[in-house]
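Letter by letter, the chains look like this.
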Amino acid sequence: MVINVKPPTSFWIVATFALLWNIIEIYFSSFELDVLQENMTTEEFDNMQSIPFWYVGVFLIALFSEMLGSFMLFMRRKFATVFFAVALITLLFIEFYWLFFFDIQTTSIVFSIVIPIIVIGIAAFLYYYSKMAVKKGWLK
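We now turn to the structure provided with this report.

What counts, and at which threshold
Residues numbered from 1 in each chain as written. Predicted model: local features only at pLDDT ≥ 70, side-chain atom pairs only at ≥ 80, totals over all residues. Heavy atoms only, no water. Phe/Tyr/Trp six-rings, centres within 6.5 Å; stacked < 30°, edge-to-face > 60°. Helix = DSSP H or I, 4+ residues; strand = E, 2+ residues; numbered from the N terminus. Buried < 20%, exposed > 50% of the residue type's maximum accessible area, 1.4 Å probe, protein only. Contact = heavy atoms within 4.5 Å.

## Focus on the packing of aromatic side chains
And step 1. Tallied over the full model, the rule gives 14 aromatic pairs.
And step 2. Between Trp 54 and Tyr 97 the ring centres are 5.1 Å apart and the planes differ by 75°, which places this aromatic pair in the edge-to-face class. Here Trp 54, found in helix H4 (residues 53-74), pairs with Tyr 97, found in helix H5 (residues 80-101); they are 43 residues apart in sequence, far enough to count as distant.
And step 3. Residue Tyr 97 is classed as buried on the basis of its relative accessible area, which comes to 14%.
And step 4. On the basis of an interplanar angle of 35° and a centroid distance of 5.5 Å, the ring pair of Phe 125 and Tyr 129 is categorised as tilted. Here the residue Phe 125 and the residue Tyr 129 both occupy positions in helix H6 (residues 109-135), the gap between them amounting to 4 residues, near one helical turn.
And step 5. Taking relative accessible area as the criterion, Phe 125 reaches 39% and is therefore assigned partly exposed.
And step 6. With relative accessibility at 10%, the residue Tyr 129 sits in the buried group.

Structure below.
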């Protein structure tokens, strides 16, 4: 049995980063359509606007799961791992769907490669970090 241990300063840095990252992610997600509209042809943008309703639901689940995971991490709750796992799975699905069904590679290298790698990398890091924090007894 793991005893509840006081986390180090690095834990609080990661927890604060997670909260800030998710606030920024939600903020920029609200402007994503405007940026894409400026950088896409009318045909590409019209195609993108035909995103199925379920995609929007999965996107919102991803955003808010990661945000809730960040809150749970900051509050030192084990349940953070579950939220981060849901966020990682949904983000993988979203990014691959976006990449292969919308042919975004021709529009912007930033939107097709850089942002997905960063988003998935941070989601994976937060998931594995929260699992490690549970093992070390930092989360209860």
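## With respect to the side chain of Thr 90
And step 1. Note on placement: Thr 90 falls in helix H5.
And step 2. If we skip the residues at most four places from it in the chain, Thr 90 touches Val 58, Ile 61 and Ala 62.

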